[in-house]
Amino acid sequence: MNIPFFDYPRLYLDQKEKMIEIFDDVCSRGAFIMQSDLDEFENKFAEFTNSNYAIGVANGTDAMELALLAIGVKKGDEIIICSHTMVATASAIVTAGGIPVPVELGYDNLIDPLAIEAAITPNTVGIMPTQLNGRTCNMDEIKSIAEKHGLFIVEDSAQALGSKFKGQCAGTFGLAGGISFFPAKVLGCFGDAGGVLVQDNDLYHKIYQLHDHGRDTDGEIKSWGRNSRLDNLHAAFLFHKLKSYPEVIQRRRSIASKYQEQLENLNELNLPIAPDAEPDHFDVFQNYELEADRRDELKEYLFQNGVGTLIQWGGKAVHQFPELGFNLSLPKTEKFFDRCIMLPMNIFLSDDEVDYICETVIKFYRS
Ligand SMILES: *Cc1c(COP(=O)(O)O)cnc(C)c1O
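Parameters and conventions
- Residues numbered from 1 in each chain as written.
- Predicted model: local features only at pLDDT ≥ 70, side-chain atom pairs only at ≥ 80, totals over all residues.
- Heavy atoms only, no water.
- Buried < 20%, exposed > 50% of the residue type's maximum accessible area, 1.4 Å probe, protein only.
- Helix = DSSP H or I, 4+ residues; strand = E, 2+ residues; numbered from the N terminus.
- Pairing = 2+ DSSP bridges.
- Right-handed = clockwise from strand over helix to strand, strands pointing away.
- Domains from an automatic or database assignment.
- Contact = heavy atoms within 4.5 Å.
- Buried area = accessible area lost by both parts, 1.4 Å probe.
- Salt bridge = Lys/Arg side-chain N within 4 Å of Asp/Glu carboxyl O.
- Polar contact = N/O pair within 3.5 Å; in protein donor to acceptor, adjacent residues only side chain to side chain.
- Nonpolar A, V, L, I, M, F, W, Y, C, P; charged D, E, K, R; others polar.
- Phe/Tyr/Trp six-rings, centres within 6.5 Å; stacked < 30°, edge-to-face > 60°.
- Lys NZ or Arg CZ within 6 Å of the ring centre and 35° of its normal.
- Axes fitted to C-alpha atoms, helices over the stretch in contact; angles between N-to-C directions.
- Patch = residues over 30% accessible without salt bridge, like charges linked within 9 Å, V, L, I, M, F, W, Y side chains within 5 Å.
- Areas by Shrake-Rupley, 256 points an atom, 1.4 Å probe, with all protein chains shown as cover.
- Core = buried A, V, L, I, M, F, W, Y, C linked by side-chain atoms within 4.5 Å.
- Near = heavy atom within 4 Å.

Of all 5 residues making up strand 4 (residues 124–128), 4 are buried, and the element is well covered by its neighbours. Sheet topology places strand 2 (residues 78–82) next to strand 4; 4 bridges connect them, and they run parallel. What sits directly across from E78, in strand 4, is T124. Alignment of strand 4 against strand 5 (residues 152–156), held across 2 bridges, turns out to be parallel. Paired with G126 across the strands is F152, a residue of strand 5. Taken together, strand 4, helix 7 (residues 139–149) and strand 5 constitute a β-α-β crossover, and its handedness is right-handed.

Laid out in structure tokens, this is it:
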């Protein structure tokens, strides 16, 4: 068998005819920038997440950057993040003028609420939890810390469209949440694309202006801005894909259950929390990330047997890049990064392929 970690061509090939039809329709109308397809997508995206507002933007990183700029982060403002996140979370803060403060992960590999409290200083203005691997943090705990210390919350929900905590969607707990439609994300596009979810009307208009040269929804320039628009063509593809999104999530959760059933008896592994293990959480499994003994050997063995795997962020947490000016140690996170690996997790996988991956992992530890 040959199972790539992510089969990029199939993103297109599996729905080729429909995608060509959409391409032809949009382009024949000359509907390239801010046309009806974008409005339709933004409405459906807001409705799907039960968010008051949604704005399509150029990518997930811009989504967070624009939110932080609109909130008015000032030079020297500290924002607490989990070190187990993409560098984009931190860079969005830096571009907006703030200082990212990375902290340890907790039992679920997401930001540890206790570590947040310990990192708060008089300069702290916000918390930016990453809803990693398609799971939403315990937002009750994070919100209560934020309220107690007067901090804002902006979510890096790039990986978590449709993920829920106590029935509420990732991206809708704080002032704003960023979503990414990068090809390998759960709702993936044919290039870079992203969206911001916003609840407050004033903030919505500020972010809206920033993403379109300062122009507000009425087309009038009201402030300085830039261009971070979502292409109308991308919006049309995404609108179509969002229709079948619930089934996509279902399939990913069922693959996670299969991994759980077949791998749970291996003491050498630390599996992610199973789909139905915690009723407060509804995880969409952007990734299936686990900890493994002899991780590098396992990765090589899987590769030799035709199974592609990936180590998130190239194998380093954000604070492990001294080039970015970080000089701190987070032992739990560092230990995690010696052991973490992601198995293939996407809707292109057949049941037979999932079984084969599990058999190969078991064979590695049993031989
Ligand atoms: C993908 C991702 C981003 C960045 O999204 P882009 O659309 O690539 O800019 C940010 N944070 C996390 C956690 C991500 O996985």
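Moving on, we come to the domain arrangement of the protein. As assigned here, the protein comprises domain 1 (8–242) and domain 2 (245–366). The C-alpha centroid of domain 2 is placed 24 Å from the C-alpha centroid of domain 1. Each side of the interface is counted separately: domain 1 has 40 residues, and domain 2 has 31 residues. Counting each side, the surface lost to burial between domain 1 and domain 2 is near 3100 Å², with a carbon and sulfur contribution of 58%. At the boundary of domain 1 and domain 2, one finds 3 salt bridges. Note that R135 is salt-bridged to D283, the shortest N-O span being 3.0 Å. On inspection of domain 1 and its partner domain 2, the count reaches 28 residue pairs in polar contact (both at pLDDT 80 or more). Elements represented by at least two residues in the side of domain 1 that touches domain 2 include exactly helix 1 (8–13), helix 5 (87–95), strand 3 (99–103), strand 6 (164–165) and helix 9 (232–243). Per element, the largest residue contribution to the side of domain 1 that touches domain 2 is 3 residues, and it comes from strand 3. Along the lines of polarity and charge, the residues of the side of domain 1 that touches domain 2 split into 19 nonpolar, 11 polar and 10 charged.

Turning next to the packing of aromatic side chains. As enumerated under the stated definition, the model contains 16 aromatic pairs in all. Ring centres of Y12 and F190 lie 6.0 Å apart, and the angle between their planes is 85°; this geometry places the pair in the edge-to-face category. Separated by 178 residues along the polypeptide, Y12 in helix 1 and F190 in the loop between strand 8 (176–180) and strand 9 (194–198) bring together distant segments of the chain. Assessed through its relative accessible area of 31%, Y12 is described here as partly exposed. When its relative accessible area of 32% is taken as the criterion, F190 is described as partly exposed. Between F364 and Y365, the aromatic rings sit 4.8 Å apart at their centres with planes inclined by 75°, giving edge-to-face as the arrangement. The residues F364 and Y365 share a single accessibility class, namely buried. An aromatic cluster is defined as three or more aromatic residues linked by ring pairs; in this entry it consists of F6, Y8 and F348. The ring of F282 has K164 lying over it, and the distance from NZ or CZ to the ring centre is 5.7 Å.

So, about unusual backbone geometry. In terms of backbone geometry, most residues other than glycine have negative phi values and most peptide bonds are trans. Its identity as a non-glycine residue notwithstanding, M34 has a phi of 50°, on the positive side. The class for M34 is partly exposed, based on a relative accessible area of 26%. Here N50, not a glycine, exhibits a phi torsion of approximately 55°, which is positive. Tracing the chain through its elements places N50 in the loop between helix 3 (36–49) and strand 1 (53–57). Residue N50 is classed as exposed on the basis of its relative accessible area, which comes to 68%.

Here 3 strands make up an open sheet; going across it, the order is 10-12-13 and the pairing antiparallel. Only two strands of the sheet have a single partner each, and these edge strands are strand 10 (269–270) and strand 13 (340–343). Pairing of strand 10 with strand 12 (residues 288–292) involves 2 bridges; the strand directions are antiparallel. Looking at the pairing, L269 lines up with A292 of strand 12. Running over the sheet, helix 10 (residues 245–263) touches strand 10, strand 12 and strand 13 and is turned about 20° from strand 12.

Bringing a nonpolar patch on the surface into the picture now. Taken together, Y12, L13, I20 and F190 make up a surface patch of nonpolar side chains, about 340 Å² in accessible area. Here I20 shows up in helix 2 (residues 16–28).

This part takes up the nonpolar core. Ranked by size, the top nonpolar core spans 28 residues in total, and within it L68, I79, M128, V196 and I207 carry the most contacts. Counting residues per element, the ones that place at least two in this core are strand 1, helix 4 (60–71), strand 2, helix 5, strand 5, strand 9 and helix 8 (201–211). No other element matches the 6 residues that helix 4 contributes to this core. Setting aside residues no more than four positions away along its own chain, M128 makes contact with M64, L68, I79, I80, I81, C82, T89, I93 and V154.

We now examine the site of the ligand. Close to the ligand lie 15 residues; G60, T61, D156, S180 and K185 are nearest. The contact in question runs from an oxygen atom of the ligand to an N or O atom on the backbone of G60, over 2.7 Å. A distance of 2.9 Å separates an oxygen atom of the ligand from a polar side-chain atom of Q159. Considered on its own, the ligand offers 380 Å² of accessible surface; in the complex 94% of this is hidden by protein. Residue contributions to the shell around the ligand peak at 3 residues, all from helix 4. Residues belonging to the shell around the ligand are distributed by class as follows: 6 nonpolar, 7 polar and 2 charged.

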